[in-house]
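Descriptive structure summary
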Amino acid sequence: MRLNQANSIGSIFVKMEDFLKNIIKTVSNKPGVYQYYDSKGTILYVGKAKNLKKRVSSYFTKNQSGKTAILVKQIVDIKTIVVGSEIEALLLENNLIKKYQPKYNIMLKDDKTYPWICIKNERFPRVYSTRNIVKDGSDYYGPYASVKMMNTVLGLIRDLYTLRNCNYNLSEENVKNEKFKVCLEYHIGNCKAPCVGEQSEEDYNTSITQIKSIIKGNINSVMKHLKPLMKEHADNLHYEKAQLLKERIELLEKYQSKSVVVSPTINDVDVFSIVSDEKYGYVNYLKVINGAIIQGHTIELKKKLDETDDALIQIGIAELRQRFESQSKEVIVPFKPELEDENIRFLVPQRGDKKKLLELSERNAKYYRLERNKQKANVSPTKHSDRILERMQKDLRMKERPVHIECFDNSNIQGTNPVAACVVFKDAKPSKRDYRHFNIKTVEGPDDFASMTEVIYRRYKRLLDEKEPLPQLVIIDGGKGQLSASLKSIDKLGLRGKITIIGIAKKLEEIYFPDDPIPLYIDKKSESLKVIQYLRNEAHRFGITHHRNKRSKAAITSELDKIEGIGYKTAQQLLWKFKSVARIKKAKLKELEATISKKRAKIVFDYFN
């Protein structure tokens with residue numbers, strides 16, 4: 001019975017494979033979008049391709065692994081949509097992903113509704129902000145990722161132009177029939193009252209044309225129009241009008257000076273950059289008009305099938321250009337994406353202002369990632385630490401996550417007052433109550449290796465005796481020498497293989513493993529290296545502080561230990577007050593009594609006098 005069931009299931013898989021192969025045979029070689037469906041008719045995955053047949057067949061001819069293999073096993077139907085170009089396919093793919101949110105597609109982690117500046121399609125158009133786009137022929141500019149930026153632009157427009165803000169229907173017939181009366185806005189100078197015919201439609205529309213140029217970032221073209229007009233009014237002795245235009249030009253220049261100006265030679269350019277980790281990609285977008293950055297936005301993309309940076313940046317370009325309605329012909333990118341479009345020229349700058357623009361975009365993407373990680377850490381601290389520990393486990397090739405980490409460092413000056421420090425991190429965070437100081441007992445002179453052997457033995461001998469939990473990871477501040485010295489104690493205690501122990505050399509941040517002469521170099525940007533560096537620096541700080549205290553105590557004792565009845569704390573009080581032993585010798589009895597008890601003051605005074 002079981003054999004028959006197995007045979008029937010196997011035959012179903014064979015039939016399904018044949019069915020899908022037959023579909024692939026009929027797929028077009030043109031650009032388009034493909035959709036994979038499961039047995040319930042749900043879309044599993046949406047993809048775009050320059051050549052549909054090649055792309056779709058690649059899923060079934062190659063030996064897939066990981067999530068892709070799981071996806072392929074679930075496919076029972078394939079549908080395709082042919083389009084005119086690869087860029088059209090990219091835009092369609094982006095829209096379908098947003099509509100259906102398939103299980104295996106990159107997920108756009110940005111569902112905010114951003115505000116727009118609307119210039120209403122009406123006689124004497126109003127200019128205002130809105131989050132709702134109505135398809136009535138009105139002009140919409142944006143969206144603005146920063147509301148503050150949008151309000152700055154609207155504030156500039158209100159300062160420059162007197163526009164109506166009422167919602168009356170100012171048709172020719174209504175104005176002629178005197179249906180409206182002037183309001184307070186007219187009396188305080190914020191409106192020229194087109195509702196009663198005080199302002200012509202031509203004059204009002206001239207302002208609207210200039211406003212459109214300002215919103216688009218073409219401030220220079222507006223100033224070119226205003227400057228000769230100002231001169232003309234001044235020549236005709238219309239000084240009030242000339243003064244008004246002068247104030248407008250000054251406002252525009254002030255606003256332009258506050259914009260991030262890169263280079264006046266760069267005109268109408270889009271800039272895209274990407275930073276990514278194992279789970280997310282962050283795509284930053286900058287819009288540059290006449291050398292000034294007028295828009296900037298970053299989106300977070302969640303990976304589903306280990307997508308490459310190329311795949312992520314293509315999604316980002318399609319999404320952000322569509323969202324911000326960009327028609328720029330030139331797009332600056334960190335690498336050339338596998339995307340062809342006759343209307344777009346992709347540029348990878350090597351130097352100059354455009355390279356600086358790309359670097360600025362990358363900094364914004366990194367800053368956004370940092371902020372997002374901080375937010376996630378605040379919302380779910382355990383999730384944040386789990387991610388770091390998983391990264392460390394992978395980077396250091398460990399069998400388990402290093403939940404408990406200890407780091408050791410030695411401190412001495414030419415062999416005097418040798419000490420060592422042990423700092424403890426739990427869940428990638430300092431556990432200060434578990435920090436320990438060690439005074440070196442068996443080593444004489446400056447011998448860091450022997451000191452490290454002693455400290456490691458004492459630390460883990462005690463943990464074993466007291467049956468305390470051992471750390472998963474031990475970090476030694478030093479290279480191969482200190483690591484080898486530590487291993488002597490680890491072997492003596494029989495802990496080899498039970499604890500992962502590594503050494504970190506300061507110069508090149510090299511990670512050394514036991515019995516491996518070749519060091520490991522972890523990515524400088526990796527969170528793993530940052531945690532290791534934090535541990536090393538914390539051990540150094542903790543050790544140096546203890547060493548400094550011990551030295552100062554020894555220095556005090558050497559001067560004042562001959563006085564019978566005066567201890568360390570009393571000597572310290574005197575030095576804090578008088579700063580030196582020489583001043584203590586010269587001090588009067590009353591001065592000493594003001595600092596320490598009368599009895600001790602008398603002892604010190606009698607000793608020096």
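Everything discussed here concerns the structure shown above.
Reference entry: report on the structure contained in this document. (Residues numbered from 1 in each chain as written. Predicted model: local features only at pLDDT ≥ 70, side-chain atom pairs only at ≥ 80, totals over all residues. Heavy atoms only, no water.)

1. A short note on the packing of helix α5 (residues 147-160) against helix α8 (residues 201-216)
Running from amino to carboxyl end, α5 crosses α8 at an angle of 150 degrees, the nearest separation of the two axes being 11 Å. One finds that α5 runs roughly antiparallel with respect to α8. As for how α5 packs across α8, the hand of that crossing is right-handed. Facing V153, L156, I157 and L160 of α5, the residues of α8 in contact are I211, I214 and I215. When its residues are assigned to classes, the contact of α5 with α8 shows seven nonpolar, no polar and no charged. (Axes fitted to C-alpha atoms, helices over the stretch in contact; angles between N-to-C directions. Helix = DSSP H or I, 4+ residues; strand = E, 2+ residues; numbered from the N terminus. Parallel < 35°, antiparallel > 145°, perpendicular 65-115°, else oblique. Left-handed = near helix turned anticlockwise from the far one by under 90°. Contact = heavy atoms within 4.5 Å. Nonpolar A, V, L, I, M, F, W, Y, C, P; charged D, E, K, R; others polar.)

2. Points about the sheet that holds strand β7 (residues 139-141)
If you trace the three strands from one edge of the open sheet to the other, you get β6-β5-β7, paired in antiparallel fashion. Looking at strand neighbours, the two that pair on one side only are β6 (127-130) and β7, the edges of this open sheet. Strand after strand, the sheet turns through a mean of 30 degrees between neighbouring axes, direction not considered. Judged from the three bridges that link them, strand β5 (residues 116-119) and β7 form a sheet pairing that is antiparallel. Considered in β7, the bridge of C118 is made with Y140. Contacting β5, β6 and β7, α8 runs over the sheet at an angle of about 165 degrees to β5. (Pairing = 2+ DSSP bridges.)

3. A look at the packing of helix α14 (residues 448-465) against helix α15 (residues 480-492)
α15 packs onto α14 with a crossing angle of 35 degrees between their chain directions and a minimal axis gap of 8 Å. Judged by the sense of rotation from one axis to the other, the crossing of α14 with α15 is right-handed. Residues D448, F449, M452, T453, I456, Y457 and Y460 of α14 pack against G481, Q482, A485, S486, K488, S489, I490 and K492 of α15. Grouping the amino acids of the contact of α14 with α15 by side-chain chemistry returns seven nonpolar, five polar and three charged.

4. What to know about unusual backbone geometry
A positive phi angle, close to 50 degrees, is found at E178, a residue other than glycine. In this structure, E178 sits in the loop between α6 (172-176) and α7 (184-187). A positive phi angle, close to 55 degrees, is found at K467, a residue other than glycine. Position of K467 among the secondary structure elements: in the loop between α14 and β18 (473-477). For K467, a relative accessible area of 76% corresponds to the exposed category. (Buried < 20%, exposed > 50% of the residue type's maximum accessible area, 1.4 Å probe, protein only.)

5. Observations regarding the sheet that holds strand β1 (residues 32-37)
Strand order across the open sheet formed by three strands is β2-β1-β3, with antiparallel pairing between neighbours. Across the chains shown, the open sheet's two edge strands, defined by having one partner strand only, are β2 (43-49) and β3 (77-82). Sheet twist, expressed as the average angle between the axes of neighbouring strands with direction ignored, equals 20 degrees. In terms of strand pairing, β1 meets β2 through six bridges, oriented antiparallel. Within the sheet, the bridge partner assigned to Q35 lies in β2 and is V46. Sheet contacts for helix α2 (residues 52-61): β1, β2 and β3; angle to β1, the most-contacted strand, approximately 30 degrees. Running at roughly 165 degrees to β2, helix α4 (residues 86-100) makes contact with β1, β2 and β3 of the sheet.

All we've got here are geometric facts, nothing functional implied.
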